[in-house]
Amino acid sequence: MDSIALANRYAEAAARPGTASEDLAHLAGEMLSAIHGPSDPAVPAILDTLAPIIATATPEVMSLTSTMVGLLCERGADPGPAAEPFVGRFNTTVLSAYNLFGAIAARVAMRSADGSTARTTDGERDIYAEEDAARIELASEMPEPAAAWDLLTALLPASTAIFGRSQTARRAAQPSLGRLQAMRQSHQAAGWLCEILRVLENERFVAIEPATGRGIRGHFGGLADNFQLNVLIMNAFPRDADQPARVSQSAVDVALSHGPQETDETITGSWNLYEWPALGRDGSLPPVHGQLGTTHWIWNEGVPADIPPFGGERVIVLGPPTYTRTWRSQRAFAFLQGSLTVDRTLTPEEVQLLILDIIATPRVG
């Protein structure tokens with residue numbers, strides 16, 4: 001039986017009330033095995049068949065079907081017609097889970113006011129244990145939000161694959177970002193979902209190195225964290241003719257999603273990365289030692305969306321490294337396509353003019 005026939009058989013079984021999930025999983029496995037890669041001409045027809053199931057099926061069947069779409073995305077397929085119903089169910093699931101989150105917070109606050117708090121073995125307050133207890137108590141009172149809470153975890157692999165493959169799907173899921181950010185300390189999937197939904201696309205940036213007067217201006221997108229951004233700037237930033245490459249091509253390929261998700265290679269950073277407010281009134285960077293010096297660091301563990309813009313661009317100021325900073329060559333999401341394009345190299349005069357604009361700009365603090 002070919003893959004399209006198997007997809008139709010799966011859809012028929014999914015529509016029958018009471019179909020066992022084991023039977024559906026078996027049919028799903030057969031269908032996926034019959035597909036010959038992401039360029040298989042049957043893939044669009046299969047996604048057309050799966051899309052209505054995602055839109056209307058029970059949470060269990062919707063989760064399994066979304067997982068199938070996610071696996072196709074992992075193989076390189078675009079989610080196509082399945083993206084819209086998936087995002088619709090995703091946003092509804094997040095909203096319902098958020099309602100439970102609010103009830104959990106209220107229950108924990110009420111118990112705390114009564115002096116009923118959980119403690120760790122060290123005697124510290126265990127807020128996570130209190131939240132878990134409240135969630136279990138509320139499950140019978142709020143069955144649908146409780147089911148949505150669990151479904152959000154089940155949807156994480158499909159979500160990261162679909163959002164990683166489709167910018168359109170990521171944009172359509174943006175209404176859920178605020179709720180996910182509120183829940184990220186309490187829900188195990190929310191943090192990862194926040195990370196992928198905060199990914200920027202076609203974002204303007206400028207990187208300058210005051211000590212050398214060098215700079216570049218361009219666009220980046222699809223970067224989940226500043227580890228990736230740092231690698232790509234190290235690769236793209238101008239260097240002397242006799243200066244060796246700052247980073248290997250294999251590490252660049254990993255950051256751009258052209259290679260494996262991770263390798264054993266260790267990367268050594270070339271600079272400290274700073275936000276534009278780090279530049280003092282004389283155009284200098286802060287002292288390398290002391291708490292003040294780290295205030296405006298761009299940490300590798302952070303995300304590009306947190307880099308403050310100046311004049312509509314994310315400004316990255318390159319300073320000398322204060323210590324040997326190393327990290328493993330890897331990216332957070334396997335299927336998220338990264339990019340960094342240099343539109344042009346700046347002259348020393350342009351770099352100095354930008355620095356003068358920055359230091360003349362009023363700032364808070």
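Now for a look at the structure at hand. Bear in mind that the values here come from a model prediction, so they are computed numbers and not experimental data. (Residues numbered from 1 in each chain as written. Predicted model: local features only at pLDDT ≥ 70, side-chain atom pairs only at ≥ 80, totals over all residues. Heavy atoms only, no water.)

### Notes on the nonpolar core
In this structure, Tyr-10, Met-31, Phe-86, Phe-90, Phe-163, Leu-180 and Met-183 are the most contacted members of the largest nonpolar core, which totals 69 residues. If one sorts the elements of this core by residue count, helix H5 (residues 83–113) sits on top with 11 residues. Leu-200, Leu-223, Ile-233 and Leu-340 belong to the second largest nonpolar core, which has 28 residues in total. (Core = buried A, V, L, I, M, F, W, Y, C linked by side-chain atoms within 4.5 Å. Buried < 20%, exposed > 50% of the residue type's maximum accessible area, 1.4 Å probe, protein only. Helix = DSSP H or I, 4+ residues; strand = E, 2+ residues; numbered from the N terminus.)

### Notes on empty space enclosed by the protein
Tallying each qualifying case throughout the model produces 1 cavity of 30 Å³ or more. A volume near 40 Å³ is recorded for the largest cavity. Forming the boundary of the largest cavity are Phe-227, Gln-228, Val-231, Ala-251, Val-254, Ala-255, Ile-267, Trp-327, Arg-328, Ser-329 and Gln-330. Of all the secondary structure elements, the ones that give two or more residues to the lining of the largest cavity are helix H12 (226–236), helix H13 (249–255) and strand E7 (326–330). (1 Å grid on protein atoms, 1.4 Å probe; cavity = no way out; pocket = protein on both sides within 12 Å on 5 of 7 lines; lining within 4 Å. Points joined across faces, edges and corners; volume = space filled by probe spheres on them.)

### Some remarks on the packing of helix H8 (residues 156–165) against helix H11 (residues 190–197)
Following both chains from N to C, one finds H8 and H11 inclined at 5 degrees, their axes separated by 10 Å at the closest point. Considering their axes alone, H8 and H11 lie roughly parallel with respect to each other. Contacts from Leu-156, Ser-159, Thr-160, Phe-163 and Gly-164 in H8 reach Trp-192, Leu-193, Ile-196 and Leu-197 in H11. Each residue belonging to the contact of H8 with H11 can be placed in one class, and the counts come to 6 nonpolar, 3 polar and no charged. (Axes fitted to C-alpha atoms, helices over the stretch in contact; angles between N-to-C directions. Parallel < 35°, antiparallel > 145°, perpendicular 65-115°, else oblique. Contact = heavy atoms within 4.5 Å. Nonpolar A, V, L, I, M, F, W, Y, C, P; charged D, E, K, R; others polar.)

### Structural notes on the pairing of strand E1 (residues 203–209)
Looking along a regular strand, one sees the side chains alternate between the two faces of the sheet. Buried residues dominate E1, accounting for 6 of its 7 residues. The pairing of E1 with strand E6 (residues 313–319) spans 4 bridges and is classified as parallel. Along E6, the bridge assignment pairs Ile-208 with Val-317. (Pairing = 2+ DSSP bridges.)

### With respect to H12
Among the 11 residues in H12, 8 count as buried, and that is most of the element. Buried residues of H12: Asn-226, Gln-228, Leu-229, Asn-230, Val-231, Leu-232, Ile-233 and Met-234, and no others.

### Considering the packing of H5 against helix H7 (residues 143–154)
Closest axis-to-axis distance for the H5/H7 pair is 8 Å, and the angle between their directions is 115 degrees. Classified by chirality, the crossing of H7 by H5 is left-handed. When H5 is examined against H7, the residues Phe-90, Thr-93, Val-94, Ser-96, Ala-97, Leu-100, Phe-101 and Ile-104 are found in contact with a partner set consisting of Glu-144, Pro-145, Ala-146, Ala-148, Trp-149, Leu-151 and Leu-152. A breakdown of the residues in the contact of H5 with H7 according to their chemical character gives 12 nonpolar, 2 polar and 1 charged. (Left-handed = near helix turned anticlockwise from the far one by under 90°.)

### Some thoughts on the side chain of Ser-257
On the secondary structure map, Ser-257 appears in the loop between H13 and strand E3 (262–268). Since its relative accessible area comes to 11%, Ser-257 is described here as buried. Excluding residues within four positions of it along the chain, Ser-257 makes contact with Arg-331, Ala-334, Leu-336, Gln-337 and Gly-338.

### Details of the packing of aromatic side chains
Scanning the model with the defined rule gives 11 aromatic pairs in all. Seen in terms of ring centroids, Phe-90 and Phe-163 are 5.1 Å apart; in terms of plane orientation they differ by 85 degrees. Their pairing is edge-to-face. On the criterion of sequence distance, the pair formed by Phe-90 in helix H5 and Phe-163 in helix H8 is long-range, its members being 73 residues apart. No difference in accessibility class separates Phe-90 from Phe-163, as the two residues are buried. In this structure an aromatic cluster arises from ring pairing among Phe-86, Phe-90 and Phe-163. A cation over an aromatic ring shows up here: Arg-325 above the ring of Trp-297, its NZ or CZ 5.4 Å from the ring centre. (Phe/Tyr/Trp six-rings, centres within 6.5 Å; stacked < 30°, edge-to-face > 60°. Lys NZ or Arg CZ within 6 Å of the ring centre and 35° of its normal.)

### Examining the side chain of Ser-96
Note on placement: Ser-96 falls in helix H5. Dropping the residues within four chain positions of it, Ser-96 is found in contact with Glu-144, Pro-145 and Ala-148.

### Side note on unusual backbone geometry
It is generally the case that most residues other than glycine have a negative phi and that most peptide bonds are trans. Look at Asn-202: it is not a glycine, yet its phi comes out positive at around 50 degrees. The residue Asn-202 is located in the loop between H11 and E1 in this model. The residue Ser-257 is not glycine, and still its phi comes out positive at about 65 degrees.

### Quick word on the environment of Ala-20
Following the sequence through the fold, Ala-20 ends up in the loop between helix H1 (3–15) and helix H2 (21–34). Note on Ala-20: relative accessible area 29%, which makes it partly exposed. Along the chain, Ala-20 and Glu-124 lie 104 residues apart, while their C-alpha atoms are 45 Å from each other.

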